[in-house]
Amino acid sequence: MLQTTFPSSGAWAGSPDPRRDYTLSPVAPPPGWRGRCRPSTSKFLWAERPALLGGKRPARVMAATRARPSAREIFATLEYGPVPESHACALAWLDTQDRRLGHYVSGKWLKPEHRNSVPCQDPITGESLASCLQAQAEDVVAAVEVAGKAFENWSGLPGASRAQHLIRLAKMIQKHQRLLWTLESLVTGRAVREIRDKDVPLAQQLLQYHAVQACTQEEVLAGWEPMGVVGLILSPTFSFLEMMWRICPALAVGCTVVVLVPPASPTPLLLAQLAGELGSFPGILNVISGPASLGPVLASQPRVQKVAFCGAVEEGRALRRTLAGRGAELGLALGTESLLVLTEAADVDSAVEGVVDAAWSDRSAGGLRLLIQESVWDETMRRLQERMARLRAGRGLDGAVDMGARGAAAHDLAQRYVREARSEGAQVFQAGDVPSDSPFFPPTLVSDLLPASPCSQAEVPWPVVAASRFRTAKEALAMANRTPRGGSASVWSERLGQALELGYGLQVGTVWINAHGLRNSEVPTGGCKESGSSWHGGLDGLYEYLRPSGTPGRLAYFSESMNYDTFGLAVPSTLPAGPEIGPSPTAPYGLFIGGRFQAPGARSSRPIQDSQGKLHSYVAEGGAKDIRGAVEAAHQATPGWVSQSPGARASLLWALASALERRESALASRLERHGVEFKAAKVEVELSVRQLRAWGARAQAQGHVLQVAELKGPVLRLREPLGVLAIVCPDEWPLLAFVSLLAAALAHGNSVVLVPSGACPIPALEVCQDMATLLPAGLVNVVTGDRDHLTRCLALHQDIQALWYFGSAQGSQFVEWASAGNLKPVWVNRGCPRAWDQEAKGAGPELGLRAARTKALWLPMGD
Amino acid sequence: MSARNWGTELDLSWISKIQVNQPAVLRRAEQIQTRRTVKKEWQAAWLLKAVTFIDLTTLSGDDTSSNVQRLCYKAKYPIREDLLKALNMHDKGITTAAVCVYPARVSDAVKALKTAGCTIPVASVATGFPAGQTHLKTRLEEIRLAVEDGATEIDVVINRTLVLTGQWEALYDEIRQFRKACGEAHLKTILATGELASLTNVYKASMIAMMAGSDFIKTSTGKETVNATFPVAIVMLRAIRDFFWKTGNKIGFKPAGGIRSAKDSLAWLSLIKEELGDEWLTPELFRIGASTLLSDIERQIYHHVTGRYAAYHDLAMC
């Protein structure tokens, strides 16, 4: 008899309940199926059809009466047979929990009384495998408490000890890998081969890589400290591997984690159990199973300093709004769609395999948008359809299937999309004729969807490929970038120049050249635009869970009285404010937009008082229209600035530094009038000059090359500009903060719209006079006016790629809330002033990290 | 073998644009071996099928009539009779697809097979096998002599020099002459892919060979350092499919060299099934050139039937 060892209670012997033992010999379909789906006539090959859709097993009886085909029969047909992978150990593990799964917290199973439970079902047979308790808010609170306690010990450990622990977990996974892969395949329906050959080894690789990072943390990541308790929220489409991508770096740097998994996902619980049974540090990884509505509860726990969320775009948006002002930093990874650009210079057959990897396999979570060059459209379509006919679907636990079934929700989603696409006039090709009550969804190719149809805007679900044609590479780029999504993409072209041009031009987090879906623990993976701007893997993944040492913990600054509809909506009108004791020379007046000073659209001004409360001068009162103009000007300047070499950017920043130096006395006297001591004012100007030079120098060194195991060829880690960056400068350090933020943004290739200090905007306007002559028009735009109103305009603007806000707590809360519109990354100070004169704050790596985004460009080589 | 490929006019546009991406093909080759497996009855049936695809080969300097005779007898009785009976396959007339020998041994083989009373075709390598570095005149003469001796399939090697220097017209002309010299015999063209430098060259050479009238394209001689590999096979199979789509002619494929284990042979079968489809899984369109593979298949069948692993003395040598 089979003997299976379990991590928990020693050995367990015996076979599971025979009724649960799914017979994998070809069985006759249930009565309703007869004549509707025959493997011999169906083009789409069913490795095995489900025997059972309801609760009973009529098919089992029939299976017994129909003998397996003999070798003689198979010799004639040469068909594939079943290749069952025994899942006895997965069932036995469920038995150790009496088929009733709770939560795994603090190294113990937690099964509180009086909780609802949800059945965990086999997605193909519908058979109930176990029941899973649904957490309630108090369970979440308890888990966060545990993680908070564990954080004190865990973060205090030397990195080497944490590394040891992670290595032990990797070994633990290795020892129980069969249990892991059969359980995952059983409950998710994904092909076991994919989990066994890819996911489980990658999970181990992740632990090993991050163990090395933990070991070198004190040296490489000096000046950074772990954030604290991390709340990770997973939605159903994301597998246990996505959890590993995030918990590994979090644990490595010293954070502890509470994971909220959707109901009926036992694999994360198993992983938590494996980690818990290492003995020491039981509370560092806690897994709670519960409904999506608990997400905000977990995220707004005061001890949770960082929230990582993987899920659908709309859920992410909602969470962003809910979390405004709650304190925790939010990292979003949204959507699952991917993109493939197939040019006429491609190896079409290989590209077709890329499509299979991207959408018609169990490797991918989502669907694929496929752009095909018109000249190879027909040829590609023929090859795709030929290839689709050879795909096999079946029970995930069969060793020879390409695609499993992923449950009713995924099925319905795909079905809705295809139906919608059809009604919008698209051509739909599906391999095989699948009965509507089947749990499987056939691989689907949708073509001729016009860009304006609603389906073209929607996210393509698994396992659908939406193909459209383009004429030139330039058009491909325009089409590819014209979606709100920015996850991953692949480019297929044998022409190196073209491939690189496309690879650099695509606005996504990951680009593979002539490959699709490669992943490695050393390569940062993330996205931009509505795919969310968080990273996992590589150094970028570590920074997600770190903050500069000495930063105070993030507390909630949530204001109940905040009215998002009216914040900054109206601008108080300004009247002449007494005698203007004119400075000499007079301060520049106007909004600095498109390289020159312009009159504000509202044609009104606001008075600026000096430290004695006397009128210093008037500045222009900017409004929504001026912000619009400034953003447009910035967008126009962007392509030119991005294409500048880092050296050219550096020399312009240095030239600006020199100009500032020449203006030193004027600037210092402006500052002095605002109550800064003359000596301190001089220091502020000097520091500003130094900041410009420092960022100029840093512009030279960006991005690097990664060498990755299993890949011949490099992976380029590029640091790309965000685009148009809006910055609301703080009131403190009116010149230094303005210059520091500006310099960091420009050095990384961004174009900028700034709102200078509200109390003392004049020094910033002085600097604009130099920028007018030195910098390309529109690169830097400075808008003065009511800060709340301008902040509102900027935060709600959909075409601003990132926003930094240094101002009031209320403003911060509004910015976080409003950023949900286009999910732009935001950086807010939550009303806390920042010591801009300190190296770490004013010129530290934090600014550099936030001023650019990472892109990984995979370049496999070989001939 | 029935249908013959009469070839087509040389059309260089079929090969001028083609680009094969090597890393992508390597990944596909890696995947295809893990994505399909067969077990139990399916495995036994597939292995027996594999036997019928084997060109049982001996190409050694020390071949004499006695070991050629032994080989021919093994070709007729590849699997022990009692094992076939246990599988109810004894009346299927399972033999290997052909025997393959050097030109000088063709008459020995023909004689031996006649004595054994069977019609298994004899294949002969030719054209300066394995290097092909002899004069065209002698290479053509070699084909004619082998055909005269009774070989009905000729495995010719191409001139690698012509591929490496891009002389596609010259390559086409040479193979065309081989074709003519073969007469009624089938032409199997060995591309010696281990010496063609790139997968793009493999594709182009495959296409030229098919245009020139090859009935089969074959990966390698078994004498190069790199033999039949999956990436190379994928490229050749894609060329075969493209040729079929362009002309309607089905061309056969023969991997040779380095295929030793039963497991390998199963992987090759599923490769053909996946890339070309079931129509290609017949001895008319698919061969495996091998010498030691057969004994491993027999051992696996033995294990399937008896549940035990065979000792070497349980099975006949070939």
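Residues numbered from 1 in each chain as written. Chains lettered and ligands numbered in written order. Predicted model: local features only at pLDDT ≥ 70, side-chain atom pairs only at ≥ 80, totals over all residues. Heavy atoms only, no water.

### Focus: the sheet that holds strand β7 (residues 117-121) of chain A
Residue and element names in this part refer to chain A. Read across the open sheet, the three strands follow the order β4-β8-β7; overall the sheet is mixed. The outermost strands of the open sheet, each flanked by one partner alone, are β4 (100-101) and β7. Inspection of the sheet shows β4 paired to strand β8 (residues 128-133) by two bridges, in the parallel sense. The residue bridging L101 from the neighbouring strand is C132, located in β8. (Pairing = 2+ DSSP bridges. Helix = DSSP H or I, 4+ residues; strand = E, 2+ residues; numbered from the N terminus.)

### Quick word on the UniProt feature "active site" (unreviewed entry) in chain B
Residues and elements named next belong to chain B. Per the UniProt entry, the sites bearing "active site" (unreviewed entry) are K218 and K254 in this numbering. Taken along the chain, the residues just named run across 37 residues; in space they keep tight, none of their C-alpha pairs more than 4.4 Å apart. If sequence neighbours within four positions are ignored, K218 has contacts with D155, T189, I190, L191, A192, M236, K254 and A256. Within the structure, the side chain of K218 is placed 2.8 Å from the side chain of D155, a separation counted as a polar contact. When you line up the elements, K254 lands in strand β7 (residues 252-254). A polar contact is formed between the side chain of K254 and the side chain of D55, at a distance of 2.8 Å. (UniProt positions renumbered as here; feature names shortened; annotations may be inferred. Contact = heavy atoms within 4.5 Å. Polar contact = N/O pair within 3.5 Å; in protein donor to acceptor, adjacent residues only side chain to side chain.)

### Some remarks on the side chain of B:R241
The topology assignment puts B:R241 in helix α11 (residues 230-247). Those residues in contact with B:R241 that lie beyond four places of it in its chain are A:D349, A:R383, A:E386, B:E275 and B:L276.

### Concerning unusual backbone geometry
Residues and elements named next belong to chain A. The step from W462 to P463 runs through a cis peptide bond, and the omega angle for that step is -5 degrees. Tracing the chain through its elements places P463 in the loop between α16 (454-457) and β20 (464-470). The residue S106 is not glycine, and still its phi comes out positive at about 55 degrees. Its location among the elements puts S106 in the loop between β5 (103-105) and β6 (108-110). Overall, the relative accessible area of 22% leaves S106 in the partly exposed class. (Buried < 20%, exposed > 50% of the residue type's maximum accessible area, 1.4 Å probe, protein only.)

### Let's talk about the pairing of β20(A)
All names here are of chain A. Here β20 lies mainly inside the structure; six of its seven residues are buried. As defined by bridge partners, strand β16 (residues 368-373) adjoins β20 across six bridges and the pair is classed as parallel. Bridge pairing in β20 places R369 opposite A466. Of the pairings in the sheet, the one linking strand β19 (residues 444-447) to β20 comprises four bridges and is parallel in character. Bridge assignment links S447 to a residue of β20, and that residue is A467.

### Some details on the packing of helix α7 (residues 192-215) of chain A against helix α9 (residues 240-253) of chain A
Residues and elements named next belong to chain A. Relative orientation of the contacting elements α7 and α9 amounts to 10 degrees, with a least axis distance of 9 Å. Compared by their axis directions, α7 and α9 come out roughly parallel. Where α7 abuts α9, its residues I195, D199, V200, L202, A203, L206, L207, H210 and A214 lie against F240, L241, M244, W245, C248, P249 and A252. Along the lines of polarity and charge, the residues of the contact of α7 with α9 split into 14 nonpolar, one polar and one charged. (Axes fitted to C-alpha atoms, helices over the stretch in contact; angles between N-to-C directions. Parallel < 35°, antiparallel > 145°, perpendicular 65-115°, else oblique. Nonpolar A, V, L, I, M, F, W, Y, C, P; charged D, E, K, R; others polar.)

### Some points on the sheet that holds β16(A)
Strand pairing in a sheet relies on backbone hydrogen bonds. The paired strands run either parallel or antiparallel. Residues and elements named next belong to chain A. As summarised here, the arrangement of the 10 strands in space is β18-β19-β20-β16-β15-β21-β22-β37-β31-β30, forming an open sheet in which the pairing is mixed. The open sheet has two edge strands, β18 (427-430) and β30 (704-707), and neither has a second partner. Sheet twist, expressed as the average angle between the axes of neighbouring strands with direction ignored, equals 20 degrees. In the sheet, β30 pairs with strand β31 (residues 714-721) via four bridges, with the strands oriented antiparallel. Considered in β31, the bridge of L706 is made with V715.

### Considerations on the interface of chain B and chain A
With 44 residues of chain B at the contact, the number on the chain A side is 44 residues. Overall, the association of chain B and chain A removes approximately 4200 Å² of surface from exposure, summing both partners, and the carbon and sulfur fraction of that is 52%. On the chain B side of the interface with chain A, the three residues burying the most area are B:R35, B:W42 and B:W245, jointly 21% of the side's total. Taken together, the links from chain B to chain A amount to seven salt bridges. For A:D349, the salt bridge is made with B:R241, and the minimal N-O distance between the two is 2.6 Å. Here chain B is connected to chain A by 19 residue pairs in polar contact (both at pLDDT 80 or more). Every element with two or more residues in the side of chain B that touches chain A is listed here: α2 (22-35), α3 (40-51), α11 and α12 (262-275) of chain B. Classifying every residue of the side of chain B that touches chain A by side-chain character gives 16 nonpolar, 11 polar and 17 charged. (Buried area = accessible area lost by both parts, 1.4 Å probe. Salt bridge = Lys/Arg side-chain N within 4 Å of Asp/Glu carboxyl O.)

### Quick word on the side chain of B:D55
Residues and elements named next belong to chain B. By the secondary structure assignment, D55 is in strand β1 (residues 54-57). Take D55: its relative accessible area is 0%, and that puts it in the buried class. Polar side-chain contacts of D55 include one of 2.7 Å to the side chain of K188. Those residues in contact with D55, other than ones at most four positions away along the chain, are A97, A98, E153, K188, K254, R287, I288, G289 and A290.

### Focus on the packing of helix α7 (residues 136-149) of chain B against helix α9 (residues 168-182) of chain B
Residues and elements named next belong to chain B. Taken N-terminus to C-terminus, the directions of α7 and α9 make an angle of 25 degrees; their axes are 9 Å apart at the nearest point. The orientation of α7 with respect to α9, classified from their angle, is roughly parallel. Of the two elements, α7 crosses α9, and the hand of that crossing is right-handed. Residues L136, R139, L140, I143, R144 and V147 of α7 form the contact with α9, whose own contacting residues are E174, Q177, F178, A181 and C182. Class assignment for the residues of the contact of α7 with α9 results in seven nonpolar, one polar and three charged. (Left-handed = near helix turned anticlockwise from the far one by under 90°.)

### Structural notes on α7(B)
What sets the pattern is the α-helix's 3.6 residues per turn: residues three or four places apart point alike. Residue and element names in this part refer to chain B. Taking 1.5 Å as the rise per residue, α7 with 14 residues should run 20 Å; its terminal C-alpha atoms sit 20 Å apart, in good agreement. Residues of α7 that are buried: R139, L140, I143 and A146. Viewed end-on, α7 has its buried residues packed into an arc of 125 degrees, placing them on one side of the element. Exposed side of α7, more than 90 degrees from the buried face: K137 and E148 are the residues found there. In this structure, the buried residues of α7 make contact with α6 (106-116), β3 (122-126), β4 (153-157) and α9. Backbone geometry just downstream of α7 places G150 in the positive-phi region, at approximately 115 degrees. (Expected span 1.5 Å × (residues − 1). Arc of directions from axis to C-beta.)

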